[in-house]
Amino acid sequence: MPNILLLGGTTEASALARLLAERDVSATFSYAGRTENPRAQPVPIRIGGFGGVSGLAAYLRDHRVTHLVDATHPFAATMSAHAVEAARIAGVPHAALSRPAWRPEPSDDWRSVADIAGAVNALAVPPLRVMLALGRMHADAFAAQPHHHYLLRFVDAPSQPITLPNHSLVVDRGPFGIDGDIRLMRDRGIDLVVCKNAGGSGAQAKLAAARHLHLPVLMIDRPALPDRLEFHRPQDVLDWIDHAASFGNERGV
Ligand code: NAP
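Residues numbered from 1 in each chain as written. Predicted model: local features only at pLDDT ≥ 70, side-chain atom pairs only at ≥ 80, totals over all residues. Heavy atoms only, no water.

Draft legend 1. Quick peek at the overall build of the protein. When you go through the protein residue by residue, the secondary structure sums to 8 helices and 12 strands. Expressed as a percentage of its 253 residues, the buried residues of the protein come to 46%. Within the protein, counting contacts between residues at least 6 apart in sequence, those at least 24 apart form 61% of the total. Accessible surface, the protein as shown: approximately 12600 Å² in total, 52% of it carbon and sulfur. (Helix = DSSP H or I, 4+ residues; strand = E, 2+ residues; numbered from the N terminus. Buried < 20%, exposed > 50% of the residue type's maximum accessible area, 1.4 Å probe, protein only. Contact = heavy atoms within 4.5 Å. Areas by Shrake-Rupley, 256 points an atom, 1.4 Å probe, with all protein chains shown as cover.)

Draft legend 2. Representation of the domain arrangement of the protein. Along its sequence, the protein is organised into domain 1 (3-99 + 224-250) and domain 2 (110-220). Computed from C-alpha coordinates alone, the two centres of domain 1 and domain 2 are separated by 29 Å. Each side of the interface is counted separately: domain 1 has 9 residues, and domain 2 has 11 residues. Carbon and sulfur atoms make up 54% of the surface buried where domain 1 meets domain 2, a total of about 740 Å² over both sides. Our enumeration of links across domain 1 and domain 2 arrives at 0 salt bridges. Remark: the boundary between domain 1 and domain 2 carries 3 residue pairs in polar contact (both at pLDDT 80 or more). Among the residues forming the side of domain 1 that touches domain 2, the class breakdown is 2 nonpolar, 3 polar and 4 charged. (Domains from an automatic or database assignment. Buried area = accessible area lost by both parts, 1.4 Å probe. Salt bridge = Lys/Arg side-chain N within 4 Å of Asp/Glu carboxyl O. Polar contact = N/O pair within 3.5 Å; in protein donor to acceptor, adjacent residues only side chain to side chain. Nonpolar A, V, L, I, M, F, W, Y, C, P; charged D, E, K, R; others polar.)

Draft legend 3. Quick peek at helix α6 (residues 178-187). Taken as a whole, α6 has its buried residues at Asp-181, Ile-182, Leu-184 and Met-185. Viewed along the axis of α6, the buried residues span an arc of 165°, placing them on a single side of the element. For α6, the exposed residues set more than 90 degrees away from the buried face come down to Asp-179, Arg-183, Arg-186 and Asp-187. If you follow the buried residues of α6, they end up packed against β7 (129-133), β8 (149-154), β9 (167-171), β10 (192-196) and α7 (205-212). Two residues or fewer past α6, Gly-189 is found with a positive phi of approximately 65°. (Arc of directions from axis to C-beta.)

Draft legend 4. Spatial organisation of the packing of aromatic side chains. The full count for this structure, using the stated rule, is 4 aromatic pairs. Aromatic side chains Phe-29 and Tyr-31 sit 4.7 Å apart centroid to centroid with 50° between the ring planes, which places their arrangement in the tilted category. For the residue pair Phe-29 and Tyr-31, the accessibility class agrees, reading buried in each case. Seen in terms of ring centroids, Phe-50 and Tyr-59 are 5.3 Å apart; in terms of plane orientation they differ by 75°. Their pairing is edge-to-face. Assessed through its relative accessible area of 13%, Tyr-59 is described here as buried. In this arrangement the basic side chain of Arg-46 is found over the ring face of Phe-50, its NZ or CZ atom lying 3.9 Å from the centre. When the ring centre of Phe-176 is taken as origin, the NZ or CZ atom of Arg-153, which lies over that ring, is 3.5 Å away. (Phe/Tyr/Trp six-rings, centres within 6.5 Å; stacked < 30°, edge-to-face > 60°. Lys NZ or Arg CZ within 6 Å of the ring centre and 35° of its normal.)

Here it is as structure tokens:
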């Protein structure tokens, strides 16, 4: 009988958890524990890191996991690399459920940068009002460009003070709509949006809003991930669990 470990923290992971529960497939949903009130799931939840590759490999063996599904965020590169390696060590089939990257439309004004440091460097320009749509983890890095005003939007109120000298904060878990994001950007006089190329529909409204307002976007490219079996639809993961062999050669995004 299948017994799935689902590495979550994304909309796609929650969608797959729903399908697994509907099908009565034994599964455990794993959260890193970054948010205070993680979304409830219809399958059992565990919270917290595994203790690196060896910890995850031991978990897979100890809990008799038959399939490891990595549905973490495309920027959770450490977890995804650990998942590939731990699955190999434990001899457990592994697949990723991911979202295709966003692509600019002809009218979009996007500038790509490789990482957070690249985004910080790109802000060595005269003062702007910048919407930093990056989450709590990376906000402090922008203190290196303290002359801008930063609009932050976090899922939870921050527990530590934000080191950006000149900022305003919106605490909102979403979902975000295009009209609301247009209003927010217009009301706050935003000149530039900084975001990660997360892909998916959940966080896309800000891009449509920026397009509507003709605002430039500083887009942080995805980190490199190891080669792995990859699906974009939860149903395809279920099919793989049912018929792993018939999907054995499908690789890459
Ligand atoms: P990361 O840098 O790739 O992972 C750092 C460590 O956190 C991992 O080595 C692992 O600890 C632990 N970890 C990460 N995801 C986990 C999970 N689902 N279950 C158990 N442990 C996990 O990850 P991150 O970028 O901090 O992201 C953390 C979580 O937030 C992920 O679940 C991701 O899906 C979600 N998320 C991330 C972003 C983003 O922009 N990075 C955005 C939205 C949601 P051990 O080594 O101890 O196992």
